[in-house]
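# Tertiary structure, described
Below, each chain spelled out in residue letters.
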Amino acid sequence: MAKRVTKKAVNTNEMDGKEFFEAIHQIEQEKGIKPGYMMEKVTQALLSAYRRDHEGVGENLVIEANEEAGTVRLFLKKEIVEEVDNPAMEISLEEARRALPQAELGDTVRMEVKARSFGRIAAQTARQVIIQGIREAEQGMIYDEFSTKEHELLTGTVTRIDPRNGSVSLRLHSGSEFTDAYLSTGEQVKGERYTEGQRLKIYVVEVRRATKGPQVLISRTHPGLVKRLFELEVPEVYDGTVEIRSVAREAGSRTKMAVWAAEPNVDPIGACVGPRGQRVNTIVEELKGEKIDIIKWSEDPAEYIAAALSPADVISVEELPSSSDARSCRVVVPDDQLSLAIGKEGQNARLAAKLTGYKIDIKPASAPLEPVEDSTAQADGDEAEEALEAAMAEAEENGTL
C-alpha cells in the first residue's frame, strides 16, 4: 500500500500580508471607516500584543506594513553588547553576526520577530484593541454626523416606551449614520401620547461625547422646535425673507412668535399664516393643537410690547426706569380688556414678557397711576396703590372726597 505523503507547511517570519490588508479594507468598507484608520489601529494592536508577552521591549519594537508588497513584518531593535543583561533590548556580538556578519559592538540591529511568537493572551489583546478601534471609529462618525444637527429638526421612530417613567426611546437617522436618543418626560409635551413605531419630529438641543458613545439630547418642548417647523412650512422663513426674531412657548398650550421682514412689501405675518391659514394649521396639527400667536416685531419697544399682548387692545406703554439690567414697563389697557391682556392664569402676560424681555405691569385705564421716578418707586408700586386706596376710602368716609 502506497504511503500517503503530506507536504509540511513552511513557516516564515512574515504574516499573510495579502489577507491582512484585505481584512482591513473589508472592515473599512463595511463600517464606512475612513481608509488608513483601521491600519493604524491594527498595527497598534500588534505592537501591544507583543509587548504584553515580552516585557521590557518598550519602544524598540517597530512594525513595517507594505501594502504594495503585501507584507507585514515586526522588528525588534537591539544594541550589540559584549555581555547581555537585558535580552529584550540587547544582543551579543556573536549572535548579531549570524544575521549580519559586518555587525560591530555598539551598533543597533533590527531582529525580525516571528509571527508564531505571539501567545494566546497576546492574540486576545490584539483582538480587543481592534474591536475597540472599530467601536471608536463608529462612535466618532456618529458624533461628527449628529453634531452638525445641533439646533436642527430631525424625525425619529419611537422604538420603546418605558412603562415606569414614561421616557421614550427613538431611533434617529442622519445621512448614513443612526443612533438612539431618549426623550425624557421633562422634554415631552404634556398630554401627548406616543406609540411604538410612531414617527416623531424632535429638536436636537445638544450632542455630547460620552463613554458609551455620542449622547444626543432631544426635546419636543423647546421653542426652537416651533421655529424649525415654520422653516419647513414657510418658504419665506427658510430663505430669510421673513425672520423669526423671538419665540416664547408654553409647550402644549400656547406659543407667541415675533416675525419681521426687511422688505416693506412683504407681510411677515401673512406669510407665516399662509393662504386660508394652511401653513400655520399644519404646524398646529404637528403640535397637537397648540395655539400660536404670530405678531410683528418692532424696534420700538412700546409698539412691540403692545403687539405682544394681543389679542388685547393696549392704550399706552410706558417704559420704567431701572437701576438693574432688567427692563420693565407699565401697560394701560381698557377695563374690559384687562382679563384678556393678563390671560388665563396669567399666561398671555407671561408669554409677552418672555417674548419681549420686559417685565410687564398691566393696569386698567380706570386705576389712578402714580408717576414713577425710579426703580424703588416701581418696586413699591403695589404698596403705594394700597395706601392710595386706603386714603381714598378714609376721605370718602369723612366726606372730604
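Basis of the calculations
Residues numbered from 1 in each chain as written. Predicted model: local features only at pLDDT ≥ 70, side-chain atom pairs only at ≥ 80, totals over all residues. Heavy atoms only, no water. Pairing = 2+ DSSP bridges. Helix = DSSP H or I, 4+ residues; strand = E, 2+ residues; numbered from the N terminus. Axes fitted to C-alpha atoms, helices over the stretch in contact; angles between N-to-C directions. Contact = heavy atoms within 4.5 Å. Buried < 20%, exposed > 50% of the residue type's maximum accessible area, 1.4 Å probe, protein only. Parallel < 35°, antiparallel > 145°, perpendicular 65-115°, else oblique. Left-handed = near helix turned anticlockwise from the far one by under 90°. Phe/Tyr/Trp six-rings, centres within 6.5 Å; stacked < 30°, edge-to-face > 60°. Lys NZ or Arg CZ within 6 Å of the ring centre and 35° of its normal. Salt bridge = Lys/Arg side-chain N within 4 Å of Asp/Glu carboxyl O.

Backbone hydrogen bonds hold the strands of a sheet together, and the pairing may be parallel or antiparallel. In space, the 3 strands of this open sheet follow the order β13-β14-β15, with mixed pairing throughout. If you trace the sheet from one side to the other, it starts and ends with β13 (316-320) and β15 (358-364), each paired once. For this sheet, the mean inter-axis angle between neighbouring strands, taken without regard to orientation, is 25 degrees. One ladder, built from 7 bridges, connects strand β14 (residues 327-333) with β15; its direction is parallel. Looking at the pairing, Val331 lines up with Ile362 of β15. Helix α9 (residues 301-308) contacts β13, β14 and β15 of the sheet and is inclined by roughly 120 degrees relative to β13. Packing against the sheet, helix α11 (residues 347-356) makes contact with β14 and β15, and its axis sits at approximately 140 degrees to β15.

Okay, the environment of Ala261 next. In this fold, Ala261 is placed in strand β11 (residues 254-261). With a relative accessible area of 12%, Ala261 lands in the buried category. Separated by 17 residues in sequence, Ala261 and Ile244 place their C-alpha atoms 9.0 Å apart. When residues no more than four places from it in sequence are discounted, the contact partners of Ala261 are Thr241, Val242, Val266 and Pro268.

Running from N to C, helix α5 (residues 223-233) and helix α8 (residues 278-286) cross one another at 135 degrees; their axes reach a closest spacing of 10 Å. In terms of orientation, α5 lies oblique with respect to α8. Crossing geometry of α5 relative to α8 is assigned as right-handed. Seen from α5, the contacting residues are Leu229, Phe230 and Glu233; seen from α8, they are Arg279, Val280, Thr282, Ile283 and Glu286.

On to the packing of aromatic side chains, then. Scanning the entire structure with this criterion turns up 2 aromatic pairs. Among the aromatic residues, those joined into a cluster by ring pairs are Trp260, Trp297 and Tyr304. Taking NZ or CZ as reference, Arg110 lies 4.2 Å from the ring centre of Phe75, over its face. Here the guanidinium or amino end of Arg245 rests over the ring plane of Trp260, the centre of that ring lying 4.3 Å away.

Among the structural elements, Asn348 can be located in helix α11. In this structure Asn348 comes out as buried when scored by relative accessible area, which is 1%. Contact partners of Asn348, with chain neighbours within four places excluded, come to Arg254, Lys256, Leu309, Ser310, Pro311, Leu340, Ala341, Ile342 and Gly343.

The 3 strands lie next to each other as β10-β11-β12, forming an open sheet whose pairing is mixed. Every interior strand has two partners, whereas the edge strands, β10 (242-250) and β12 (291-296), have only one. Recorded for the sheet is a direction-independent mean angle of 20 degrees between the axes of neighbouring strands. With 6 bridges connecting them, β11 and β12 associate as parallel partners. Within β12, the position partnered with Lys256 by the bridge is Asp293. Strand contacts of α5: β10, β11 and β12, with the helix running at about 140 degrees to β10, the strand carrying the most contacts.

As a further point, take the pattern of salt bridges. Enumeration over the complete set of coordinates arrives at 17 salt bridges. Here Glu152 makes a salt bridge to Arg228, at a shortest N to O gap of 4.0 Å. Within this pair, whereas Glu152 is found in the loop between α4 (120-147) and β5 (153-161), its partner Arg228 is found in helix α5, the two being separated by 76 residues in sequence. What makes Glu152 partly exposed here is its relative accessible area of 32%. Relative accessible area serves as the criterion here: at 17%, Arg228 is assigned to the buried category. Between Glu206 and Arg208 there is a salt bridge whose closest N-O contact spans 3.3 Å. Residue classification places Glu206 among the partly exposed positions, given a relative accessible area of 30%. Three or more residues are tied together by salt bridges with common partners; here these are Glu152, Arg228 and Glu231.

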